[in-house]
Amino acid sequence: MAPENGSLVSEFVLMGLTEESDLQLPLFFLFLVMYMVTVLGNLGLITLIGLNSHLHMPMYFFLFNLAFIDLCYSSVFTPKMLMNFLSEKNVISYRGCMAQLYFFSFFVISECYMLTSMAYDRYAAICNPLLYNTAMSPRVCLSLMLGSYLMAFSGAMAHTGCMLTLTFCDANAINHYLCDIFPLLELSCTSTYINELEVFIVVGINIIVPSVTIFISYGFILCNIFQLSSTGGRSKAFSTCSSHIVAVSLFFGSGAFMYLKPSSAGSMDEGKISSVFYTIVVPMMNPLIYSLRNKDVKIALIKTLRKGKF
């Protein structure tokens, strides 16, 4: 049955990360392990925060949401990606492809604004500790969370809605391991000018605004850290912030490289390698960066294990 938008294509074939046959099995096990670490790490963090009442604070409220987002958006495409390493032809229906594009866009944009909320929370805690309870009241936290998901909903609707206006005629081989925007635009047999303009505007807003806000927040935080009299406290705070900055830079940098570069710069294969960082590496790293280096989370984990709740 042909899709309702008039496209002749009813299904797509995902080409995967590479066509090298010798690499298929090693890559399968590599990404399977990474996915298992991602699921266990984020699910464990969600459970840990939920079970321990002393972690029910703004910082861990946002961390809870970040772990939920990472768990969901890595699960949107990774199982299909793993199948591609084991099968000769990885087929996805037209509707399935559009659904994957929507949910992938939704969770990626959610992550952008959740990271922004977390940076603002750290700024309020370190730079304005006396006003922290007011600045990060339950109402403010809820507003930031809902705002993140609302921006994600709007962006995902814009991307998917514009994609549904295109017609796909004969070519159906997507040069990627997921239904992403630019690989799909390459297959369209109608003009993609409006779509490219929409991508530039929406992605530009969702990358530039959060990343600038995050780096300004961490700029103020670092300035405040350098003013600490305790060398040990300064070193510990700087170490924590630097790891956060690395994770944020990796996420936004790889995303900007994929979506904001000129169409003539680099190949789609380079884009696939870049997308591995913000789709697979970052969701795996976030629980390690934001929890294992956190004393409160370590204490909560030890207490929970001792109580035999796990």
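Everything quoted here is computed from the prediction, not taken from an experiment.

## With respect to the sheet that holds strand β1 (residues 11-14)
Here's step 1: On the basis of which strands lie adjacent, the open sheet formed by three strands has the order β2-β1-β3 and mixed pairing. The outermost strands of the open sheet, each flanked by one partner alone, are β2 (90-93) and β3 (173-174).
Here's step 2: Summarising the sheet, β1 and β2 pair through four bridges and their orientation is antiparallel. Considered in β2, the bridge of V13 is made with V91.
Here's step 3: In the packing of helix α3 (residues 94-127) onto the sheet, the strands contacted are β1, β2 and β3, and the crossing angle to β2 comes to about 85°.

## Notes on the state of the cysteines
Here's step 1: The final tally for this structure, using the stated rule, is two disulfides.
Here's step 2: Taken in N- to C-terminal order, the disulfide-linked cysteines of the chain are connected 1-3, 2-4.
Here's step 3: Cysteine C127 remains unbridged, with the sulfur of C223 as its closest cysteine sulfur at 8.3 Å.

## Notes on the nonpolar core
Here's step 1: With 89 residues, the main nonpolar core has F12, F31, M163, L184 and F251 as its most contacted residues.
Here's step 2: Setting aside its immediate chain neighbours within four residues, F251 contacts Y73, V108, E111, C112, L115, Y278 and V282.

## Let's talk about the pairing of β1
Here's step 1: Where β1 lies against β3, two bridges are found, and the strand directions are parallel. Paired with L14 across the two strands is I174, which belongs to β3.

## Observations regarding the side chain of H176
Here's step 1: By the secondary structure assignment, H176 is in the loop between β3 and α6 (181-185).
Here's step 2: Taking the relative accessible area as the measure of exposure, H176 reaches 0% and is therefore buried.
Here's step 3: A polar atom in the side chain of H176 sits 3.5 Å from the side chain of S275.

## A few points about the packing of α3 against helix α5 (residues 138-164)
Here's step 1: Contact pair α3 / α5: the axes reach a minimum separation of 8 Å and the direction vectors enclose 150°. Comparing the axis directions of α3 and α5 gives the class roughly antiparallel. For the pair α3 and α5, the crossing hand works out as right-handed.
Here's step 2: Partitioned by chemical class, the residues of the contact of α3 with α5 number 19 nonpolar, seven polar and no charged.

## Brief notes about the packing of aromatic side chains
Here's step 1: Per the stated rule, a full pass over the model turns up 17 aromatic pairs.
Here's step 2: Ring geometry for Y102 and F103: centres 5.2 Å apart, planes at 80°, overall edge-to-face.
Here's step 3: Its relative accessible area of 42% is what places F103 among the partly exposed residues.
Here's step 4: Taking 5.2 Å as the distance between ring centres and 80° as the angle between the ring planes, the aromatic pair formed by F251 and F252 counts as edge-to-face. By the burial criterion, F251 is buried, and F252 matches it.
Here's step 5: One aromatic cluster in this structure is built from Y73, F77, F104, Y177 and Y278.

## Some thoughts on the pattern of salt bridges
Here's step 1: For the structure shown, the criterion picks out one salt bridge.
Here's step 2: Residue R122 is joined to D121 by a salt bridge in which the shortest nitrogen-to-oxygen separation is 3.0 Å.

## Structural notes on the environment of Q24
Here's step 1: Summarising the element assignment, Q24 is placed in helix α1 (residues 21-51).
Here's step 2: Through-space distance from the C-alpha of Q24 to that of L82 is 9.5 Å; in sequence the pair is 58 residues apart.
Here's step 3: Ignoring sequence-local partners within four residues, the contact set of Q24 consists of T18, E19, N84 and F85.
Here's step 4: A polar contact of 2.8 Å, which involves the side chain of Q24, links it to the backbone oxygen of T18.

## Comments concerning helix α10 (residues 295-307)
An α-helix turns once per 3.6 residues; consequently, residues spaced three or four apart project the same way.
Here's step 1: Its 13 residues give α10 an end-to-end C-alpha distance of 19 Å, which sits within 8% of 18 Å, the value for a rise of 1.5 Å per residue.
Here's step 2: Within the sequence span of α10, burial applies to V297, A300 and T304. Each buried residue of α10 sits inside an arc of 60° when the element is viewed along its axis, so together they form one side. Facing away from the buried side of α10, by more than 90 degrees, are the exposed residues K295 and R306.

## Describing the environment of L288
Here's step 1: Residue placement: L288 occurs in helix α9 (residues 268-292).
Here's step 2: Note: C-alpha distance between L288 and N42 (246 residues apart in sequence) is 9.2 Å.

## Points about the packing of α5 against helix α7 (residues 193-226)
Here's step 1: Viewed as axis vectors pointing N to C, α5 and α7 meet at an angle of 165°, and their least axial separation amounts to 10 Å. The pairing of α5 with α7 is recorded here as roughly antiparallel in orientation. Crossing handedness for the pair α5 and α7: left-handed. Note on element contacts: α7 touches α5 through N195, E198, V199, V202, V203 and N206, opposite M151, G155, A158, H159, C162 and M163.
Here's step 2: Grouping the constituent residues of the contact of α5 with α7 by class yields seven nonpolar, four polar and one charged.

Reading the values: rules and limits
- Residues numbered from 1 in each chain as written.
- Predicted model: local features only at pLDDT ≥ 70, side-chain atom pairs only at ≥ 80, totals over all residues.
- Heavy atoms only, no water.
- Pairing = 2+ DSSP bridges.
- Helix = DSSP H or I, 4+ residues; strand = E, 2+ residues; numbered from the N terminus.
- Contact = heavy atoms within 4.5 Å.
- Axes fitted to C-alpha atoms, helices over the stretch in contact; angles between N-to-C directions.
- Disulfide = S-S within 2.5 Å.
- Core = buried A, V, L, I, M, F, W, Y, C linked by side-chain atoms within 4.5 Å.
- Buried < 20%, exposed > 50% of the residue type's maximum accessible area, 1.4 Å probe, protein only.
- Polar contact = N/O pair within 3.5 Å; in protein donor to acceptor, adjacent residues only side chain to side chain.
- Parallel < 35°, antiparallel > 145°, perpendicular 65-115°, else oblique.
- Left-handed = near helix turned anticlockwise from the far one by under 90°.
- Nonpolar A, V, L, I, M, F, W, Y, C, P; charged D, E, K, R; others polar.
- Phe/Tyr/Trp six-rings, centres within 6.5 Å; stacked < 30°, edge-to-face > 60°.
- Salt bridge = Lys/Arg side-chain N within 4 Å of Asp/Glu carboxyl O.
- Expected span 1.5 Å × (residues − 1).
- Arc of directions from axis to C-beta.

Purely geometric numbers; function is a separate question.
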